[in-house]
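Here is what each chain is made of, one letter per residue.
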There are 4 protein chains.
Amino acid sequence: MRTGVWLVGARGSVATTSIVGALALRAGLAAPTGCVTELPELRGPALPALTDLVFGGHDVVCTPLTKRAETLADAGVVPARLVAALTAELTGVEEDLRPAPTGGSQADRAATLVRELTGFRDRHALDRLVVVNVSATEPVAVPHPAHADLAALRAALAGPDDVLPNSSLCAYAAFTAGAAFVDFTPSTGARLPALTALAAERGLPYAGHDGKTGETLVKSVLAPMFAMRNLAVRSWSGTNLLGGGDGATLADPAANAAKVESKQRVLGETLGYVPQGHTRIEYVEDLGDFKTAWDLVTFAGFLGTGMRMEFTWHGCDSALAAPLVLDLARLTAAAHATGHTGPLTELAFFFKDPLGAATHSLAEQWIRLGDFVRALHAAAGGADEPRG
Amino acid sequence: MRTGVWLVGARGSVATTSIVGALALRAGLAAPTGCVTELPELRGPALPALTDLVFGGHDVVCTPLTKRAETLADAGVVPARLVAALTAELTGVEEDLRPAPTGGSQADRAATLVRELTGFRDRHALDRLVVVNVSATEPVAVPHPAHADLAALRAALAGPDDVLPNSSLCAYAAFTAGAAFVDFTPSTGARLPALTALAAERGLPYAGHDGKTGETLVKSVLAPMFAMRNLAVRSWSGTNLLGGGDGATLADPAANAAKVESKQRVLGETLGYVPQGHTRIEYVEDLGDFKTAWDLVTFAGFLGTGMRMEFTWHGCDSALAAPLVLDLARLTAAAHATGHTGPLTELAFFFKDPLGAATHSLAEQWIRLGDFVRALHAAAGGADEPRG
Amino acid sequence: MRTGVWLVGARGSVATTSIVGALALRAGLAAPTGCVTELPELRGPALPALTDLVFGGHDVVCTPLTKRAETLADAGVVPARLVAALTAELTGVEEDLRPAPTGGSQADRAATLVRELTGFRDRHALDRLVVVNVSATEPVAVPHPAHADLAALRAALAGPDDVLPNSSLCAYAAFTAGAAFVDFTPSTGARLPALTALAAERGLPYAGHDGKTGETLVKSVLAPMFAMRNLAVRSWSGTNLLGGGDGATLADPAANAAKVESKQRVLGETLGYVPQGHTRIEYVEDLGDFKTAWDLVTFAGFLGTGMRMEFTWHGCDSALAAPLVLDLARLTAAAHATGHTGPLTELAFFFKDPLGAATHSLAEQWIRLGDFVRALHAAAGGADEPRG
Amino acid sequence: MRTGVWLVGARGSVATTSIVGALALRAGLAAPTGCVTELPELRGPALPALTDLVFGGHDVVCTPLTKRAETLADAGVVPARLVAALTAELTGVEEDLRPAPTGGSQADRAATLVRELTGFRDRHALDRLVVVNVSATEPVAVPHPAHADLAALRAALAGPDDVLPNSSLCAYAAFTAGAAFVDFTPSTGARLPALTALAAERGLPYAGHDGKTGETLVKSVLAPMFAMRNLAVRSWSGTNLLGGGDGATLADPAANAAKVESKQRVLGETLGYVPQGHTRIEYVEDLGDFKTAWDLVTFAGFLGTGMRMEFTWHGCDSALAAPLVLDLARLTAAAHATGHTGPLTELAFFFKDPLGAATHSLAEQWIRLGDFVRALHAAAGGADEPRG
Ligand SMILES: NC(=O)c1ccc[n+]([C@@H]2O[C@H](COP(=O)([O-])OP(=O)(O)OC[C@H]3O[C@@H](n4cnc5c(N)ncnc54)[C@H](O)[C@@H]3O)[C@@H](O)[C@H]2O)c1
Ligand SMILES: NC(=O)c1ccc[n+]([C@@H]2O[C@H](COP(=O)([O-])OP(=O)(O)OC[C@H]3O[C@@H](n4cnc5c(N)ncnc54)[C@H](O)[C@@H]3O)[C@@H](O)[C@H]2O)c1
Ligand SMILES: NC(=O)c1ccc[n+]([C@@H]2O[C@H](COP(=O)([O-])OP(=O)(O)OC[C@H]3O[C@@H](n4cnc5c(N)ncnc54)[C@H](O)[C@@H]3O)[C@@H](O)[C@H]2O)c1
Ligand SMILES: NC(=O)c1ccc[n+]([C@@H]2O[C@H](COP(=O)([O-])OP(=O)(O)OC[C@H]3O[C@@H](n4cnc5c(N)ncnc54)[C@H](O)[C@@H]3O)[C@@H](O)[C@H]2O)c1
Ligand code: NA
Ligand code: NA
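Here's a quick rundown of the structure. Chains are numbered independently. Their residues run from 1 in the order of the written sequence. Think of it this way: whatever chain is written first is A, whatever ligand is written first is 1, and the rest follow in order. At least 70 in pLDDT is required for a residue's local features to be given in this predicted model, at least 80 for side-chain atom pairs to be given and counted, and no such filter applies to totals for whole chains, interfaces and linings, which use all residues. The side-chain quantities take in all heavy atoms of the structure and omit both hydrogens and water.

1. Concerning the coordination of the sodium ion (ligand 6)
Donors, by definition, are the N, O and S atoms found within 2.8 Å of a metal, the threshold being 3.2 Å for Na, K and Ca, and water is not counted, so a site can look incomplete. Protein coordination at the sodium ion (ligand 6): the donors are E310(A) (OE) and E310(D) (OE), at 2.7 Å from the metal. Type-normalised accessible area, obtained with a 1.4 Å probe on protein chains alone, sets the label of each residue: buried when under 20%, exposed when over 50%, and partly exposed for intermediate values. A residue is classified by how much of its surface remains accessible, and E310(A), at 7% relative accessible area, is buried.

In structure tokens, the structure reads:
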């Protein structure tokens, strides 16, 4: 199953790391560390092979991909020797990258995107196409009446004003072009009734929101631990220090707000109450692509005795995110192939703010993911039986 | 169901905190924070009520229980006002505490214990009796041929030499007296073929080993997190600084060895490989009953990028252990009542080194525990239906 | 030398801890841990004895001192047994506590304060009087032309508007009453030209600002370490989580601003450049009087190699501040007695934002303090020779 | 002043980083970050210029220097582009590296070393020569009667047995060849009466022991902070996790013992009492040349209130050590030129276990160092006056 992966923000850190990594895996130069779909529990016939992924995308900047890859190598995000070995392949992908559409109405820009997606699919004879948003986090979106209704939305897009945030315009274009959609960011994406209706109309699945790679990942196992042990969490305060392009964006309080909100959700929903404390994001340029998060948790045990835990997470965000982007592209393509439409709530495992989340516990999300993937493989009639 | 809880090491920190806590709960002076069996998911008719627990036990020291409780209050382990309010009740429990048997052969000492257990049961008209070992951790036991066979063991116990470590002698006495047995320590306890045979002969269940309350608890959620995300853990090094009676015992390298070993197991078994690094226990008197554990985890993500996580756990061991002792007494009594015999592998959730462990993942252990408890309640025919 | 200590904010945590501590020291119930003036290097004849300190003060609230002391004991700030043992003495001090003056012009309120200070001095036949501001941090003060000139200030105070922030009004009253003044808070206090002129006119010394007790104390030794080793600090980010009355005040961004600014100063002035990163204060009620600060420092070594240090400080602010309040009262009284007037820049050791600071390095401040104190003792003609 | 730097362990991490760094500084490719002698307070005419340093040395292994440098570049210790740019220069230094002498008596081996030192001096027309020991840490040395007396030592060296540890044999050879000696390791080096006598006889200075680069550096500012504030340190426990060649050596408990001992000294000597707790070194291969140290300090403040501080230090040992090696070579050469002989106690600033240490406080050591260096410059009659 030849699967196209169209990256919105294709020259960003996450996108570039995803592309370098997929090319390295294809060339046999790296192991799939961090790829969840390569675990024995999830591997199987339903998923497109990593070597079947074809990359395209668009971005508002036009730094050459090899240049971005070298910058990431200098920063220690990807090995320099890989980038050097993959120059030709990266130049190949460059041919499928486009500038972000500008000018005209949003309808015009959507039409441009649809043409590019269709062209990409035809050029590479793709069986499936998945659009993945890994562009900069948007400010919290401005509500608009047309968000509630597909016909109204279509009419409004043709008007002079911008009606949709960019992430939603991309989801709109994706669905219009018959592509599935994944939002790896906290932006609005497909989360509007009009877009939900469009996805249903076209029989397309979508997934999101906001890749779970650092502090929230840890929270999604620690908060259930406190809950399972009936320990009372009194306060949970977090500080996230990060540099990189994403850090610079999040230094903007508006973008920050969207992100901080999705980081907090896991606690209230797992514990059943909201402990004191807040999560903060601060831009510290020197940290580059490596983020340092520090969390302090105070809790009470038997007879009210006060205790505390703190952790420091020092992770390379792009190196944590990129393999998940590959996982999500594979899983969403397979879900599409198997006839799944609408929100893929079974992929909550991957997200900070999962669509229709039944649970924020990583372990429960894992079980749901396993069940889902095994069903995909069963539908695919897999000789290559995955491990129970 | 009136349930007796006979504590080996009845004047230690864990035992005293368990007793103070149970009395406080009975008197309505405290909430059951930290009691797993009080969670909505596990509550139900099969378990003896917390108010149905009756305490007895033995110890090698004879410090009055109220004295020990006051010391724990001074150290911030239990609230001073609770100890003051419960003086009468504590003095009541004192009447059921005995010195540890000394002199004679091990057969003689076992007989004394059996008499005490039987007397305790009769005195309080108990429906069930559970012996819980919360005495000081023993050195790794010396092997003996009689451990393999019940008849040989009975013969050897009558001889002049000590054949069994104390924890195993207590298990032997418990089984002989028709009591279930829980080992909250890393000592040998019931883990000898001769004792397994005895439990089977008497139709008795037992559980163990080594209550999971701190660093290992955290490991049992973090290690699965790394595994589920296909991240390669390169090293995991731990330092446990602790004071208190248990700390002093563990400063002895022999006792330490047993403990350190059970702390390491979770990693290899969860990850499928053993990362570099060691766990160390050090006695620091000033820390008292509060333990500080620090762990450093280094791991590789996509394309080998190195990352790290560290955590500090500052917990009051006895306040974490005591509610689990109550949970285990209730669960083991209910299992006995429902006809369970042999190792209760479904109670792995509570232990660092669980008997017949299928998994070291806390989340998976939680699922097994839930299934087990729901089955107990179903067998008990509960009107008071627990939550699915 | 009978020395009066008049506390502005006399029922706050720092004030109450200072009073309890001084009474406990006088009664021989505690050792002077944390009192810098009790170190062998600084002890000597010039300083009033701890037993010579007499306490008074005013506050806007009227919670009884014994009540406040009991609350602090419950929170673990002071030992409950001390509070119980000192009830009579605390009730004695209560007689010298007054409500904060209200109503009328600021001139009226200043006059009331002057009367109270004079009354206190007379009642106790005090040789010296020191007013110490330990009241809640004020918002950054609003500039006013009368701040620049003493005559203009006197005129303006009689008018209907509030011209001075409260801390400055207290300094004004102190100087008018012939008392020295110490500002333990980041508020304006004596830092106005008109008040400087008044202190000079009356020949009075003053000291400040903002007691250095936690994160900044640590910074004042770590920043010089990096400087002395010619290591390049790239970023220094701090998070201060605190509960307590002070925490609640500082949750107000206006008060917060004053504090955060004084916390940052040490870095730029010690390193000669300002590294990236910020310091944040967040109110977390559950932490009570114990503050947790976490700092991350990234730095470059030889050939630019990046490294990092992080520290967590878990301190009881009031227990750190109170002995310094006693030190400052003793030192300021002795300075006054020896004829020092104006800003006591030699006391920079005690402050986050020291008056006329020549240096922010704790070690250099320590040397200046030692020289100053030895000169005081020499002037006092000390038989009881301090250690060189 | 052309100054030779002969490195014992010349192919180790510290040595290689020192050489790469000095060559990079000479070529204008790097700034002297981490070089204490380049601070404005210490710069001046007495010190040989960094461009005047000439490198030689010996080692028991023969890995080419460029190879070692590349390995260090791969590990992130030195920038890869520097190593690439300096290949020719590194090959140049290679010509002055020798295998460690083997075979024969220790007298024979010493004679070989003396010949090599003399040859090095002649070949490069050196004004001064300093031997710096940066070889692997030795086990604690075995006492021998000949250590006490120079004549006895000379006689014993000619015998069949090894009398001196290698570090001391190097000091012996250095002094015999008229070279000054610096011991950057915890090994015995010049610390034997017979060698002290030899240095005196030849009018040579020497310095040591054990470069202070990580946890102990931090301790040497934090311990004085607690002391200056009269806070009572109750416990101080440290864990050092390190990989690299030095880590592997220190995994050997014998070498470890020497190191751990020198790490503990600072506390007792600074505080005046020894707090509870220990320091541990553990080898964790994955950490490579980057060390992670974690320290927990518990302390009591006013009225006994317990508090705590913890810090994590994540430093690249070789990048911290190398600039100090250059500093020590420059300072020792200048001291020799100015007529200093015997132990250079004024260089305590650089060492964990300084010779004849008057103080372990970094700030006090800094003052002594400044005085010493200013006197050197004054003696050198510097037009280029250093800052007071
Ligand atoms: N890295 C992680 O761990 C992680 C986790 C969760 C979410 N995310 C999200 O993924 C996104 C990408 O992160 P990153 O680190 O790669 O950031 P980045 O700043 O390196 O890359 C973002 C890219 O998006 C491009 N872009 C901006 N506006 C665009 C637009 N309107 N259309 C197309 N492209 C646009 C930018 O030019 C840039 O190249 C962010 O939204 C981030 O919040 C990342
Ligand atoms: N607290 C925890 O979180 C935790 C977790 C896991 C396991 N444990 C285990 O629980 C046990 C108790 O811990 P603690 O903190 O209460 O220790 P403790 O030292 O306070 O108490 C142990 C008690 O056992 C008694 N004892 C010693 N030998 C005995 C014997 N032969 N027979 C009867 N009594 C004997 C001692 O006198 C003492 O009163 C230890 O083995 C510990 O390793 C505790
Ligand atoms: N504790 C420390 O380590 C530390 C360090 C540096 C500075 N400080 C400063 O010391 C001050 C006191 O701290 P705290 O923890 O005791 O706070 P707190 O809130 O417990 O006490 C402040 C007291 O000031 C009183 N007050 C408020 N406004 C007043 C007014 N106008 N006149 C008189 N009294 C007034 C309050 O009623 C309260 O009793 C704060 O400004 C704090 O920033 C404390
Ligand atoms: N890096 C630091 O921060 C630091 C701080 C204080 C002390 N030190 C000490 O510096 C020394 C060097 O550290 P490193 O990290 O470079 O270690 P390393 O293992 O990388 O290098 C040591 C070198 O010494 C050589 N060697 C061993 N025995 C020798 C002998 N008998 N004669 C000559 N050479 C010999 C080895 O072959 C190796 O090349 C160690 O003793 C270490 O304890 C280092
Ligand atoms: Na930490
Ligand atoms: Na920490």
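The rest of the description comes next.
2. Focus on the interface of chain B and chain A
By definition in these notes, contact holds between two residues if any of their heavy atoms fall within 4.5 Å. Opposite the 62 residues of chain B that make contact, chain A presents 62 residues. Reported buried area values correspond to the accessible surface (1.4 Å probe) lost by two parts on association, with both partners' losses combined. Here chain B meets chain A over a buried area of about 4,700 Å², counting both sides, of which 73% is carbon and sulfur. Broken down residue by residue, the surface that chain B buries against chain A is led by M228(B), R229(B) and F302(B), which jointly contribute 21%. Any carboxyl oxygen of Asp or Glu that lies within 4 Å of a side-chain nitrogen of Lys or Arg is treated as forming a salt bridge with it. In this structure, the connection of chain B to chain A is made through 0 salt bridges. Whenever two N or O atoms come within 3.5 Å, that pair is a polar contact, provided that in protein one can donate a hydrogen and the other can accept it, and provided that, for residues adjacent in sequence, both atoms are side-chain atoms. Applying the counting rule to chain B against chain A returns 16 residue pairs in polar contact (both at pLDDT 80 or more). Starting at the N terminus, helices and strands are each numbered in turn, a helix being any DSSP run of H or I of at least four residues and a strand any DSSP run of E of at least two. Mapped onto the side of chain B that touches chain A, the elements with two or more residues apiece are α1 (13-26), α9 (215-228), β9 (290-300), β10 (306-316), α12 (317-337) and α13 (362-379) of chain B. Judged from the 7 bridges that link them, strand β10 (residues 306-316) of chain A and β10(B) form a sheet pairing that is antiparallel. Each residue of the ladder has a partner; that of W313(A), found in β10(B), is M309(B). Here, a strand pair is defined by DSSP locating no fewer than two bridges between the strands.

3. Thoughts on the packing of helix α7 (residues 166-176) of chain B against helix α8 (residues 193-202) of chain B
All names here are of chain B. Here an axis means a line fitted to C-alpha atoms, over the contact stretch when the element is a helix, while the angle between two N-to-C directions is reported on a 0 to 180 degree scale. At their nearest, the axes of α7 and α8 sit 9 Å apart, and the two run at 15° to each other. With respect to their mutual orientation, α7 and α8 come out roughly parallel. Of the two possible hands of crossing, α7 and α8 adopt the one that is left-handed. Of the residues in α8, those touching α7 at S168, A171, Y172, F175 and T176 are L195, L198, A199 and R202. Gly is put with the polar residues, along with every residue not named as nonpolar or charged; the nonpolar set is Ala, Val, Leu, Ile, Met, Phe, Trp, Tyr, Cys and Pro, and the charged set is Asp, Glu, Lys and Arg. Here the residues of the contact of α7 with α8 sort into 6 nonpolar, 2 polar and 1 charged. Roughly parallel refers to an angle under 35 degrees, roughly antiparallel to one over 145, roughly perpendicular to one between 65 and 115, and oblique to any angle outside these ranges. By definition, turning the near helix anticlockwise from the far helix through less than a right angle yields a left-handed crossing, and turning it clockwise yields a right-handed one.

4. Quick word on the site of ligand 4
Residue and element names in this part refer to chain D. The environment of ligand 4 is made up of 28 residues, and the closest members are V14, D59, S135, T137 and T213. Between ligand 4 and V14, the relevant distance is 2.8 Å, taken from an oxygen atom to a main-chain nitrogen or oxygen of the residue. One nitrogen or oxygen atom from the main chain of S135 is found 2.7 Å from an oxygen atom belonging to ligand 4. Computed by Shrake-Rupley with a 1.4 Å probe, the accessible areas treat only the displayed protein chains as cover when residues are assessed. Burial of ligand 4 by the surrounding chains reaches 88%, relative to a free accessible area of 840 Å². Listing elements by their share of the shell around ligand 4, those giving two or more residues are α1 (13-26), β2 (53-59), α10 (244-250) and α12 (317-337). A per-element tally of the shell around ligand 4 places α12 first, with 3 residues. Note that the domain bounds were set by an automatic or database domain assignment. Per-domain counts for the shell around ligand 4 show at least three residues from each of domain 1 (3-211 + 319-381) and domain 2 (217-315). Whether a residue is near a molecule or strand depends on its heavy atoms: if one lies within 4 Å, it is near.

5. Let's talk about the coordination of the sodium ion (ligand 5)
Within the first shell, the sodium ion (ligand 5) binds the protein through E310(B) (OE) and E310(C) (OE), at distances of 2.7 Å. Here the sodium ion (ligand 5) and the sodium ion (ligand 6) are spaced 2.1 Å apart. On the criterion of chain membership, the pair formed by E310(B) in strand β10 and E310(C) in strand β10 (residues 306-316) is interchain, its members lying in two chains. Comparing E310(B) with E310(C), the two get one shared label, buried.

6. Remarks on the pattern of salt bridges
For the coordinates displayed, the defined rule picks out 48 salt bridges over all chains. Ionic pairing is found between D210(D) and K352(D), a salt bridge with its closest N-O pair at 3.5 Å. Of this pair, D210(D) sits in the loop between β6 (205-208) and α9 (215-228) while K352(D) is found in the loop between β11 (342-343) and α13 (362-379), placing the two residues 142 residues apart along the sequence. For the residue pair D210(D) and K352(D), the accessibility class agrees, reading buried in each case. The partner of E282(D) in a salt bridge is R280(D), with the nearest N and O atoms 2.6 Å apart. Overall, the relative accessible area of 13% leaves R280(D) in the buried class. Through salt bridges with shared partners, a single ionic network connects R154(A), E201(A) and R202(A).

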